[in-house]
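# Inside the fold
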Amino acid sequence: MSKIKQLLNSDDTVLVFDIDGVLALLEFGEYNHYDLDDDDWEKATNDGISYYDELKVSKRMQEFLKNKNMNNIYVITTSANINESEIKKEYVNKYYNIKKENVYYVLNNKNKIDKLKIIKDKYPALEDYKIVMIDDTVGVLNNIMDNTNFSTVHISSFLDI
């Protein structure tokens with residue numbers, strides 16, 4: 001078993017998930033991953049429209065998380081506005097049982113490192129590599145890999161877990 005999979009399966013690892021493409025299937029369009037451009041998406045979510053429902057749930061990720069210690073499960077997601085953040089928080093709480101207080105949002109992917117450091121502060125005795133960011137964006141993972149001692153996992157690692 002790879003060390004990445006060992007980390008994912010370890011009971012003392014703190015797992016931090018992205019939402020779009022990780023905990024929510026990126027199937028927001030009829031024949032494409034999105035129907036809206038970024039401006040229209042931002043306006044819709046700012047108006048309180050939610051595109052996150054049971055159809056976006058990853059059954060594989062639900063199954064993976066079902067027996068985890070939910071105190072060690074976090075989310076850092078990029079949101080265009082506070083309404084989108086709240087919509088996503090409700091979504092992961094309802095469908096994955098992730099505590100609302102364990103959901104963080106950023107306006108820019110580069111700021112995910114700052115939130116990871118906040119999470120790490122809650123576990124001062126835990127080695128940095130036991131804080132794991134799970135994302136679908138290689139740029140996010142590379143930024144974390146290059147600038148911290150936290151571990152990184154691409155969502156593709158879950159294809160055969």
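Quick note: structure is the one above.
Let me begin by describing the structure that accompanies this report. (Residues numbered from 1 in each chain as written. Predicted model: local features only at pLDDT ≥ 70, side-chain atom pairs only at ≥ 80, totals over all residues. Heavy atoms only, no water.)

Backbone-to-backbone hydrogen bonds pair the strands of a sheet. The strands run either parallel or antiparallel. Reading across from one edge, E3-E2-E1-E4-E5 is the order of the five strands in this open sheet, with parallel pairing throughout. Because the sheet does not close on itself, it has two edges, and the strands there are strand E3 (103–106) and strand E5 (151–154). For this sheet the average axis-to-axis angle between neighbouring strands, irrespective of direction, equals 25°. Note that strand E4 (residues 131–135) and E5 share four bridges and pair parallel. Within E5, the position partnered with Val 132 by the bridge is Ser 151. The sheet contacts of helix H6 (residues 138–147) involve E4 and E5, and relative to E5 the element is tilted by about 165°. (Pairing = 2+ DSSP bridges. Helix = DSSP H or I, 4+ residues; strand = E, 2+ residues; numbered from the N terminus. Axes fitted to C-alpha atoms, helices over the stretch in contact; angles between N-to-C directions. Contact = heavy atoms within 4.5 Å.)

Let's shift gears to unusual backbone geometry. Non-glycine residue Asn 97 carries a positive phi angle of around 65°. In this fold, Asn 97 is placed in the loop between helix H4 (82–96) and E3.

To continue, consider helix H5 (residues 112–121). Of all the residues in H5, the buried ones are Lys 112, Ile 113, Leu 116, Ile 119 and Lys 120. The buried residues of H5 occupy one face: seen down the axis, they fall within an arc of 115°. (Buried < 20%, exposed > 50% of the residue type's maximum accessible area, 1.4 Å probe, protein only. Arc of directions from axis to C-beta.)

Two elements in contact, H5 and H6, have axes separated by 10 Å at closest approach and are oriented at 55°. In this view, H5 runs oblique relative to H6, as classed from their interaxial angle. Where H5 crosses over H6, the two elements pack in a sense that is right-handed. Judged by residue contacts, Lys 112, Ile 113 and Leu 116 of H5 engage Val 140, Asn 143, Ile 144 and Asn 147 from H6. Considered class by class, the residues forming the contact of H5 with H6 number four nonpolar, two polar and one charged. (Parallel < 35°, antiparallel > 145°, perpendicular 65-115°, else oblique. Left-handed = near helix turned anticlockwise from the far one by under 90°. Nonpolar A, V, L, I, M, F, W, Y, C, P; charged D, E, K, R; others polar.)

So, on to the environment of Thr 77. Position of Thr 77 among the secondary structure elements: in strand E2 (residues 73–78). Classification of Thr 77 by relative accessible area gives buried; the value is 1%. Sequence spacing of Thr 77 and Val 103 is 26 residues, and the spatial spacing of their C-alpha atoms is 7.9 Å. Residues contacting Thr 77, with those up to four places away along its chain left out, are Asp 18, Ile 19, Asp 20, Lys 88, Tyr 104, Tyr 105, Val 106 and Lys 112.

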